[in-house]
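This is what each chain is made of:
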2 protein chains.
Amino acid sequence: MPREITAFSNPLIKYVRDLRDKRHRKAARQFLAEGLRILTEARETGRLPRTLFYAAASANHPLVHALSMDVEEAGGESIQTTPDILSKLSGKDNPQAVVGVFDEFDAALEDLDRTSAGIWLVAERLRDPGNLGTILRTGDAVGAGGLILIGESVDPFSVEAVRASMGALFTIPVVKTEWAPFEAWLRSGPGQLVGLSLDTETDYRAATYGAPTFLLTGNEAQGMPAEMAEGCDTLVKIPMLGKADSLNAAVATAVMAYEVLAQQR
Amino acid sequence: MPREITAFSNPLIKYVRDLRDKRHRKAARQFLAEGLRILTEARETGRLPRTLFYAAASANHPLVHALSMDVEEAGGESIQTTPDILSKLSGKDNPQAVVGVFDEFDAALEDLDRTSAGIWLVAERLRDPGNLGTILRTGDAVGAGGLILIGESVDPFSVEAVRASMGALFTIPVVKTEWAPFEAWLRSGPGQLVGLSLDTETDYRAATYGAPTFLLTGNEAQGMPAEMAEGCDTLVKIPMLGKADSLNAAVATAVMAYEVLAQQR
C-alpha cells in the first residue's frame, strides 16, 4: 500500500521543494524531474526516482502504475499526493501528473567512447538552463555521443534544464570539465574540434565534418576565449543576414549539428 | 534637465512595473524593452520609447545619451533613476542600464510584401515566449520577411519574448491572424507553404524551397491540426535519431530556415 501525503507541512514536501534551489540540490546531490514523459524516458534508460510523487487521480494510469511498481521494487518510495502539493513541488499552476526525486549522476571524459558517435557537443560557460536543456534535446535528436561542458556552467540538474531537455538529460552523458583536461583528452584520440565563431570567413556549409566531430559553442554573451578558438581545428560561421550578430546558443548548436549529421549520413 | 525618480512609491514606477503583467499591458497597449543593445536596435529602426529609464551611472554613456536626447526630441520623457528601481522594473538582480516603455505596434497580412523576402516564418499556437523571441531572432538572421502567428499565441510583447528576440521584435513584422484569413491571403499570390511534420517520409533536405517559402511550425505540444497539414504544399520532417520524437519549436524552425536559406543563396 503506497504512502500518502496530503499535508503541506510534511517535512519531505519541504525537502523536495527545496531541491528547486541550487544550494540545497548540491548539498543533497539529488534533483527533481517532472512529467510522465520525462520520467518514463528515465525509466527506459534504467534510472528510477528514489521518491515518486503522483496525483491520486493518476494512480490507475498504466505508466504511472508501472513507474510506481518499479520504484518500490528498486527500494524507493512511491507517494500518492494531492494536486495542490504537486503544484507546490513543480512550481507550476498546472502540475504534471508525476514528480520524481533522482540521485544526481555524472560522467567523466574517460567514460566517453568517442568512436560511438559521429557528433559530440561541447559548450563553454553556458549560462542559461533552458539553452542547456534544449542543447541536450537536440543532442538526442542528432544521435550525439554526449555533451561536454567547459568551465563554469549552469547546472544541468536545474529544474529548467531538466524540463527543457525533455528527458534527454537521462539519455545523453553530460561531462563537466575545464578547457585544459578537455583539450588533453581530445588530442589523445581521433576527432576534429569545430568552433562556431564570428571571426572567420568559412561558412559552416563549406567545411567537411568527419566522424567524430566535436562542435564547440561559446558563451551566450561573449563567445569563446581566444585560447579555445586557437585550439580548434576549424572555425566556421553561420551566415547572419540581419541586424543581429549572433543566434541563440541552442539554435546555433542545432543548425551546426544538423549540418554535420547531413554530411555524415 | 531630465527628470529624476528615486522613490519606489512614484506612481509611474508602479505603472511601468505592471506592464510585466499581460492584463495591464493589453489595457495600456504599451510594453517594456530592456537593455542598451535592444533599445539601440529599436532606435535604429526608428522606434523610440515613450519613456526611457536609465541609471545615473550610465548617463554619460554615449549610446544612453543619444537615446535620451532622441526620446526627448520626439516628445517622450527620459528619466534618470537608481539601480534598485531599474532592478524592480526589469525584474532582475543585475538590471540593464536602460529600460524603455514603448507603444505596441502591429502589422496586418495586407502590410506584408511577400516578394521582399525568400523566407517567411509562420507559427501556430506558439505558447512559449522564449520560443517566440528566439524565432524572431532567427528570423532576423536568415533575413525572413516576417513572422505570422496563427491562432491563440503567446504575446510577442511579453518581457520574455522581447528579451529572447534580442531586438528582432523591432526589425521583423509580426502579424497575428487566424488560419482561414492566412490561407486566403497566402493563396492570393505566389509562395509555397512548407509544414514541419512527423507524419511524412520527406526529409527536409530532400525538398526544394523556392522564394517565397512560408515555413509553418506547429504548436509545441500538439503539432499542427490536420486541416493545416492538409493546407500545406509540402510536409517535411527533420530526422530524429534519438529517443525523443520532436525538437524544440524554435530549434526546428531554425534548422528548417537555414536549409531554405542555403538553397536560396
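Small disclaimer: the values here were computed from a predicted structure and weren't measured.

1. Focus on the environment of Ser78 of chain A
Residues and elements named next belong to chain A.
So, step 1. With respect to the secondary-structure elements, Ser78 resides in strand E4 (residues 77-81).
So, step 2. Residue classification places Ser78 among the buried positions, given a relative accessible area of 0%.
So, step 3. Along the sequence, Ser78 and Thr51 sit 27 residues apart, while their C-alpha atoms lie 5.8 Å from each other.
So, step 4. In this structure the side chain of Ser78 is engaged in a polar contact, spanning 2.7 Å, whose partner is the side chain of Ser68.

2. Considerations on the domain arrangement of chain A
Residue and element names in this part refer to chain A.
So, step 1. Under the domain assignment used here, chain A contains domain 1 (3-103) and domain 2 (109-264).
So, step 2. Relative to domain 2, the C-alpha centre of domain 1 lies at a distance of 31 Å.
So, step 3. Listed per partner, the contact involves 17 residues of domain 1 and eleven residues of domain 2.
So, step 4. Linking domain 1 with domain 2 are three salt bridges, by the criterion used here.
So, step 5. Between Arg25 and Asp155 there is a salt bridge; the shortest N-O distance is 2.7 Å.
So, step 6. Seen at the junction of domain 1 and domain 2, the total is five residue pairs in polar contact (both at pLDDT 80 or more).

3. Some thoughts on the pairing of strand E3 (residues 51-55) of chain B
Residues and elements named next belong to chain B.
So, step 1. With respect to burial, E3 is a largely interior element, five of its five residues being buried.
So, step 2. Judged by which residues are buried, E3 turns out to be covered on both faces: Thr51, Phe53 and Ala55 on one side and Leu52 and Tyr54 on the other are all buried.
So, step 3. Chirality of the crossover, the property in question, places the unit of E3, helix H4 (residues 62-73) and strand E4 (residues 77-81) among those that are right-handed.

4. Some thoughts on the pattern of salt bridges
So, step 1. By the definition in use, this model includes 34 salt bridges over all chains.
So, step 2. Across the salt bridge formed by Arg37 of chain B and Asp245 of chain A, the nearest N and O atoms sit 3.1 Å from each other. Placement of the pair is Arg37 of chain B in helix H3 (residues 36-44) and Asp245 of chain A in the loop between strand E11 (234-236) and helix H11 (249-264), with the two residues belonging to separate chains.
So, step 3. A relative accessible area of 39% places Arg37 of chain B in the partly exposed class.
So, step 4. With its nearest N and O atoms 3.7 Å apart, the salt bridge here joins Glu201 of chain B to Lys237 of chain B. Of this pair, Glu201 of chain B sits in the loop between strand E9 (192-196) and strand E10 (213-217) while Lys237 of chain B is found in the loop between strand E11 (234-236) and helix H11 (249-264), placing the two residues 36 residues apart along the sequence.
So, step 5. Three or more residues joined by partner-sharing salt bridges are found here, namely Arg25, Lys26, Arg29, Glu104 and Asp155 of chain A.

5. Here we look at the sheet that holds E9 of chain B
Residues and elements named next belong to chain B.
So, step 1. The strand order across the open sheet formed by six strands is E8-E7-E6-E10-E9-E11, and the pairing between neighbours is parallel. The sheet is open, and its two edges are formed by strand E8 (174-177) and E11, each paired on a single side. Strand-to-strand, the axes of this sheet are offset by a mean angle of 25°, without reference to chain direction.
So, step 2. Sheet analysis places strand E6 (residues 119-124) next to E10, joined by five bridges and oriented parallel. Across the sheet, residue Leu121 finds its bridge partner in E10, namely Leu215.
So, step 3. Strands E6, strand E7 (147-150), E8, E9 and E10 of the sheet are contacted by helix H9 (residues 179-186), whose axis makes an angle of about 140° with E7.
So, step 4. Across the sheet, H11 is in contact with E6, E9, E10 and E11; its angle to E10 comes to roughly 165°.

6. A word on the UniProt feature "domain: RNA 2-O ribose methyltransferase substrate binding" (unreviewed entry) in chain A
So, step 1. When the UniProt feature table is mapped to this numbering, "domain: RNA 2-O ribose methyltransferase substrate binding" (unreviewed entry) covers residues 32-108 of chain A.
So, step 2. Measuring from the first to the last C-alpha atom of residues 32-108 of chain A gives 22 Å, for a span that is 38% helix and 25% strand.

7. Topic: the nonpolar core
So, step 1. Counting residues in each nonpolar core, the largest one holds 110 residues, and the members touching the most others are Ile238, Met256 and Tyr258 of chain A together with Ile238, Met256 and Tyr258 of chain B.
So, step 2. When sequence neighbours within four positions are dropped, the list of residues in contact with Ile238 of chain A reads Leu196, Tyr204, Leu247, Ala252, Val255 and Met256 of chain A together with Tyr258 of chain B.
So, step 3. By size, the runner-up hydrophobic cluster in this structure holds 20 residues, among which are Ala107, Leu109, Ile148 and Leu186 of chain B.

8. Description of the sheet that holds strand E2 (residues 30-34) of chain B
All names here are of chain B.
So, step 1. Pairing in this open sheet of five strands is mixed, and the strands run E1-E4-E3-E5-E2 from one edge to the other. Single-partner strands in this sheet number two, and they are strand E1 (3-5) and E2. Each strand axis lies, on average, 25° off the axis of its neighbour in the sheet, ignoring direction.
So, step 2. As defined by bridge partners, E3 adjoins strand E5 (residues 98-103) across four bridges and the pair is classed as antiparallel. Residue Phe53 lies in a different strand from E5, and its bridge partner there is Val99.
So, step 3. In this fold helix H5 (residues 83-90) packs onto E1, E2, E3, E4 and E5, with an angle of close to 130° to the strand it touches most, E3.

9. Topic: the relation of the copies chain A and chain B
So, step 1. Overlaying chain A on chain B yields an RMSD of 0.0 Å, the required transformation being a rotation through 180° with an accompanying axial translation of 0.0 Å. As the rotation angle and translation indicate, the two copies are arranged about a two-fold axis.
So, step 2. A symmetric contact is evident, with 100% of the interface residues of chain A recurring at the interface of chain B.

10. Quick word on the interface of chain A and chain B
So, step 1. Residue-level contacts link 34 residues of chain A with 34 residues of chain B.
So, step 2. Each partner contributes to the roughly 2800 Å² buried at the junction of chain A and chain B, and carbon and sulfur atoms together form 54% of this total.
So, step 3. At the surface where chain A touches chain B, the tally comes to six salt bridges.
So, step 4. Residue Arg265 of chain A is joined to Asp203 of chain B by a salt bridge in which the shortest nitrogen-to-oxygen separation is 3.9 Å.
So, step 5. Taken together, the links from chain A to chain B amount to 18 residue pairs in polar contact (both at pLDDT 80 or more).
So, step 6. For the side of chain A that touches chain B, the elements supplying multiple residues, two or more each, are helix H3 (36-44), helix H6 (129-141) and H11 of chain A.
So, step 7. In terms of residue count, H11 of chain A provides more of the side of chain A that touches chain B than any other element does, eight residues in total.
So, step 8. Its residues assigned to classes, the side of chain A that touches chain B shows 16 nonpolar, eight polar and ten charged.

11. A look at unusual backbone geometry
Residues and elements named next belong to chain A.
So, step 1. That bond from Ala211 to Pro212 is cis: its omega, -5°, falls within 30 degrees of zero.
So, step 2. Inspection of the secondary structure puts Pro212 in the loop between strand E9 (192-196) and strand E10 (213-217).
So, step 3. Residues other than glycine seldom take positive phi values, yet Arg125 does so here, at roughly 45°.
So, step 4. Within the element layout of this structure, Arg125 appears in the loop between strand E6 (119-124) and H6.
So, step 5. Judged by its relative accessible area of 26%, Arg125 falls in the partly exposed class.

Rules used in this analysis
- Residues numbered from 1 in each chain as written.
- Chains lettered and ligands numbered in written order.
- Predicted model: local features only at pLDDT ≥ 70, side-chain atom pairs only at ≥ 80, totals over all residues.
- Heavy atoms only, no water.
- Helix = DSSP H or I, 4+ residues; strand = E, 2+ residues; numbered from the N terminus.
- Buried < 20%, exposed > 50% of the residue type's maximum accessible area, 1.4 Å probe, protein only.
- Polar contact = N/O pair within 3.5 Å; in protein donor to acceptor, adjacent residues only side chain to side chain.
- Domains from an automatic or database assignment.
- Contact = heavy atoms within 4.5 Å.
- Salt bridge = Lys/Arg side-chain N within 4 Å of Asp/Glu carboxyl O.
- Right-handed = clockwise from strand over helix to strand, strands pointing away.
- Pairing = 2+ DSSP bridges.
- Axes fitted to C-alpha atoms, helices over the stretch in contact; angles between N-to-C directions.
- UniProt positions renumbered as here; feature names shortened; annotations may be inferred.
- Core = buried A, V, L, I, M, F, W, Y, C linked by side-chain atoms within 4.5 Å.
- Least-squares fit on C-alpha atoms with pLDDT ≥ 70 in both.
- Buried area = accessible area lost by both parts, 1.4 Å probe.
- Nonpolar A, V, L, I, M, F, W, Y, C, P; charged D, E, K, R; others polar.

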